[in-house]
Every structure is written in structure tokens, then in C-alpha cells.
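# Close look at the chain arrangement
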Amino acid sequence: QASKQASKQATRITTLGEIGKFTRGRRFTKEDYTSDGIGCIHYGDIYTQYGTSAKEVVSHVRSELAGSLRFAKTGDVVIAAVGETVEDVGKAVAWLGQEDVAVHDDCFTFHHDQNPKFVAYYMQTKRFNDAKDAIVSQAKVKRLSSAGLGRMPIPAPPLAEQERVVTILDAFEALISDISNGLPAELAARRK
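Let me begin by describing the structure that accompanies this report. As the structure is a computational prediction, the values presented were derived from the model and not from experiment. (Residues numbered from 1 in each chain as written. Predicted model: local features only at pLDDT ≥ 70, side-chain atom pairs only at ≥ 80, totals over all residues. Heavy atoms only, no water.)

### Some points on the pairing of strand S12 (residues 107-112)
Counting buried residues in S12 gives five out of six residues, a clear majority hidden from the surface. Direction of pairing for strand S2 (residues 20-24) relative to S12: antiparallel, over a ladder of five bridges. Paired with Gly20 across the two strands is His112, which belongs to S12. Here four bridges tie strand S8 (residues 77-80) to S12, and the two strands are oriented antiparallel to one another. Bridge assignment links Ile79 to a residue of S12, and that residue is Phe108. (Buried < 20%, exposed > 50% of the residue type's maximum accessible area, 1.4 Å probe, protein only. Helix = DSSP H or I, 4+ residues; strand = E, 2+ residues; numbered from the N terminus. Pairing = 2+ DSSP bridges.)

And the structure:
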């Protein structure tokens, strides 16, 4: 009980801009996609292909684009800057792969010294999404700016506490995935 109390006292609320830096990706188009080449993350893939973190990419672009692209490094968080709804925009994936990955221009790379999965998990919370509503452009296509993201609050507990939280959330995510995938398969097998 005392360690939980000490942990709460050590947690400060800061902003994303105080703990890291945002870099907008660079443009690539459908014509630039290849079956191999430079691994890349497109904002649309963040919604449909990735969870909280990723170690491998699902898409690649032509190798000759290398000089014109911007890259996320291991431990960076890639954030979708565009979406159809306020809930969609701002979805984040912690990049944990060994190779640098090209990032589309409708995304931001967040360079920081926090636990990347802690940041990505926090960006899924109701508190973050409620605060995000004030910084999202209210046009037909919702957009985030780096200045707006920089003002977003985030708790910054010690790294050991961040790791503890990530371990708990990873276990919960694995359990949900197992229930979502395993239970329907088990039911289908029993029906047969």
C-alpha cells in the first residue's frame, strides 16, 4: 500500500511537448508501394493493421525513395494525424521493430524517453480522448497538429511504474485477444 502511495506521489502530469518532439512524416502514394523495399507505416494501417505496438510492418515502399522519407526509430510512437472521427485521429502505435520505418505525411513520429507502449496505451484512454476533442480540427476530415498534440496532458510516472502498467495492460490485451479469437473458434469446433 505504501509503495502504491509513493508511486502516485511521484507521478507528475506533464504534456507530450515537454517530454518529446513531433516530426511529420513524408508523402508516399499507392504507386510507391512494393512487395519489399523500405518498411513503412501509413496512417490508414494504424487503424486497420496495428495494435498498441508493432515489431514488423505490413507495407513497403520503393527503396529509391529513402532520401525523401522520414523515419521512426525503435521506441518512437507513430501517431495518425488524420481520421474520419475524433476517436480515430490520434491513434498511436509504438514502433518496436529493429529497423527504422518510413512514416507517411499524415502521421507524426513522437521521439521521447518514456516507455513507448505506456505512451501508446495512454493515447487510448478516455482521458486522452476527451482532451483531444479540443485540439482536433472540426472539418469533414479530422486533423491534429503537432502544436495541439504538444499541449496534450500525459502522466509521467517513473519508468519502473510505466513498465509495471504496460505489463498489466499487455496481459489484459492478451486475455481479450484470446477470448475474442479462441472462444469463437472453440464454439465453432463444438458445433461441428
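After that view, the rundown keeps rolling.
### Some details on the packing of aromatic side chains
The final tally for this structure, using the stated rule, is five aromatic pairs. Summarising the aromatic geometry, the rings of Phe28 and Tyr33 are spaced 6.0 Å apart at their centres and angled 85° between planes, so their arrangement reads as edge-to-face. (Phe/Tyr/Trp six-rings, centres within 6.5 Å; stacked < 30°, edge-to-face > 60°.)

### Side note on the layout of surface pockets
Think of a ball as big as a water molecule: rolled over the atoms, this probe shows where empty space is left. In this structure, the largest pocket spans a volume of roughly 180 Å³. Considering the residues around the largest pocket, the lining is formed by Thr11, Ile13, Phe118, Tyr121, Tyr122, Thr125, Arg127, Pro155, Val165 and Leu169. Every element with two or more residues in the lining of the largest pocket is listed here: helix H4 (116-122) and helix H7 (159-191). In terms of residue count, H4 provides more of the lining of the largest pocket than any other element does, three residues in total. (1 Å grid on protein atoms, 1.4 Å probe; cavity = no way out; pocket = protein on both sides within 12 Å on 5 of 7 lines; lining within 4 Å. Points joined across faces, edges and corners; volume = space filled by probe spheres on them.)

### Concerning the side chain of Asn115
As for its placement among the helices and strands, Asn115 is situated in the loop between S12 and H4. At a separation of 3.0 Å, a polar atom in the side chain of Asn115 contacts the side chain of Glu163. Here Asn115 is in contact with Leu159, Gln162, Glu163 and Val166, once residues within four sequence places are set aside. (Polar contact = N/O pair within 3.5 Å; in protein donor to acceptor, adjacent residues only side chain to side chain. Contact = heavy atoms within 4.5 Å.)

### Section: the sheet that holds strand S11 (residues 101-103)
With mixed pairing, five strands are arranged side by side in an open sheet as S3-S6-S4-S11-S7. Of all the strands in the sheet, the pair left with one neighbour each is strand S3 (33-34) and strand S7 (71-72). One ladder, built from two bridges, connects S3 with strand S6 (residues 59-61); its direction is antiparallel. Across the sheet, the residue bridging to Tyr33 is Val61, located in S6.

### Details of the environment of Gln98
Relative to the helices and strands, Gln98 is located in the loop between strand S10 (92-95) and S11. Considering only alpha carbons, one finds Gln98 and Lys55, 43 residues apart in sequence, at a separation of 7.2 Å.

### Quick look at the environment of Ser68
On the secondary structure map, Ser68 appears in the loop between S6 and S7. Since its relative accessible area comes to 36%, Ser68 is described here as partly exposed. The spacing of Ser68 and Arg26 is 42 residues in sequence and 7.2 Å in space, taken between C-alpha atoms.

### Comments concerning the nonpolar core
Formed by 21 residues in total, the largest nonpolar core has its most connected members in Leu16, Phe22, Ile79, Phe110, Met123, Phe128 and Leu149. Within the residue set of this core, elements represented by two or more residues are helix H2 (16-19), S8, S12 and H4. Counting 12 residues, the second-largest nonpolar core is a separate cluster that includes Val78, Val93, Val103 and Cys107. (Core = buried A, V, L, I, M, F, W, Y, C linked by side-chain atoms within 4.5 Å.)

### Observations regarding the sheet that holds strand S5 (residues 53-54)
Two pairing modes exist for strands in a sheet, parallel and antiparallel, and in both the strands are linked by backbone hydrogen bonds. Strand order in this open sheet of five strands is S2-S12-S8-S10-S5, and the pairing throughout is mixed. Of all the strands in the sheet, the pair left with one neighbour each is S2 and S5.

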